[in-house]
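Spelled out from the first residue to the last, the chains are:
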Amino acid sequence: MNNIRNFILNFNIRTDIMHGAEHFVVPIVALVEGVHIGSGGAGFYPAAELDRTAQNWNGVPLTIDHPKDIKGTPITANNPETLKQFKVGTFENVHYEGGKLKGEGWIDKNLVTQLSPKTLGIIMSGSKLEVSTGLFTKSDGVSGEWRGKKFQETLSDFIPDHLALLPDAQGACNFDAG
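Sequence order as written defines residue numbering, which begins from 1 separately in each chain. pLDDT decides what is reported in this predicted model: residues at 70 or higher carry local features, side-chain atom pairs at 80 or more are listed and counted, and totals for whole chains, interfaces and linings draw on all residues regardless. Water and hydrogen atoms were dropped before computing side-chain values, which therefore reflect all heavy atoms in the structure.

Quick look at the packing of aromatic side chains now. Between 30 and 60 degrees the pair is tilted, below 30 it is stacked and above 60 it is edge-to-face, where a pair is any two Phe, Tyr or Trp rings, Trp via its six-membered ring, whose centres lie within 6.5 Å. On inspection of all chains with the given rule, the structure shows four aromatic pairs. With centroids separated by 5.4 Å and ring planes inclined at 25°, the aromatic side chains of Phe44 and Phe151 adopt a geometry described as stacked. With Phe44 in strand β5 (residues 41-45) and Phe151 in strand β11 (residues 149-151), the pair connects residues that are 107 residues apart, well separated along the chain. Think of it in three bands: with a 1.4 Å probe and only protein chains considered, a residue is buried below 20% of the maximum accessible area for its type, exposed above 50%, and partly exposed in between. Phe44 gets classed as buried once you look at its relative accessible area, which sits at 10%. Secondary structure counts use DSSP, requiring at least four H or I residues in a row for a helix and at least two E residues in a row for a strand, with both numbered from the N terminus.

Okay, structure coming up:
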């Protein structure tokens, strides 16, 4: 699984109801075209692939940090026990626009209050909150360069697993990246 970090935009919070629960709704840029250092090293994420797979992100769990087992090994977010421990919402209305994968974070107020008061504080203050993609990809294994940045592979066939909210970390594809 590749983990690439980006950010929640400086945003205006709105609230809405989903499945009977009150949610914060915030705009998110999850990934931008470019070279990013993920868990698999430097990879190129092409715009065409971001665009082609954008709809696959709809409904993906929003988690506090990347899910890990008790040994610290990254795991999928998509099993019932992991969702109970890490999920605070979902990524919705996802689309590709201007080289960026954009959407809305629907963050359950009760869950984020329970699982991460720090994240709640960041959201309420309107401060920057970084995110990181958790996704499976295919690699062509061919190194290259894009806009002066070297990469080890071009990635394709994105299969989203989760989008992690990072209250205590800066992302690889962070505010400065896009």
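Okay, back to it.
Moving on, we come to the nonpolar core. For this analysis, a nonpolar core means a set of buried residues of the types Ala, Val, Leu, Ile, Met, Phe, Trp, Tyr and Cys, connected via side-chain atoms within 4.5 Å. Ile28, Leu62, Phe91, Ile107 and Leu165 are the most contacted members of the largest nonpolar core, which has 28 residues in total. Elements with a minimum of two residues in this core: β3 (21-32), β6 (60-64), β7 (87-97), β8 (100-108), α4 (117-125), β9 (129-139) and β12 (153-166). Ranked by the residues each element gives to this core, the list is headed by β3, at five residues. Not counting chain neighbours up to four residues away, the residues in contact with Leu62 comprise Ile28, Phe86, Lys87, Val88, Gly89, Thr90, Phe91, Gly105, Trp106, Ile107, Leu163 and Leu165. By size, the runner-up hydrophobic cluster in this structure holds five residues, among which are Val35, Phe44, Trp146 and Phe151. Note on contacts: a residue pair is in contact if any heavy atoms of the two residues lie within 4.5 Å.

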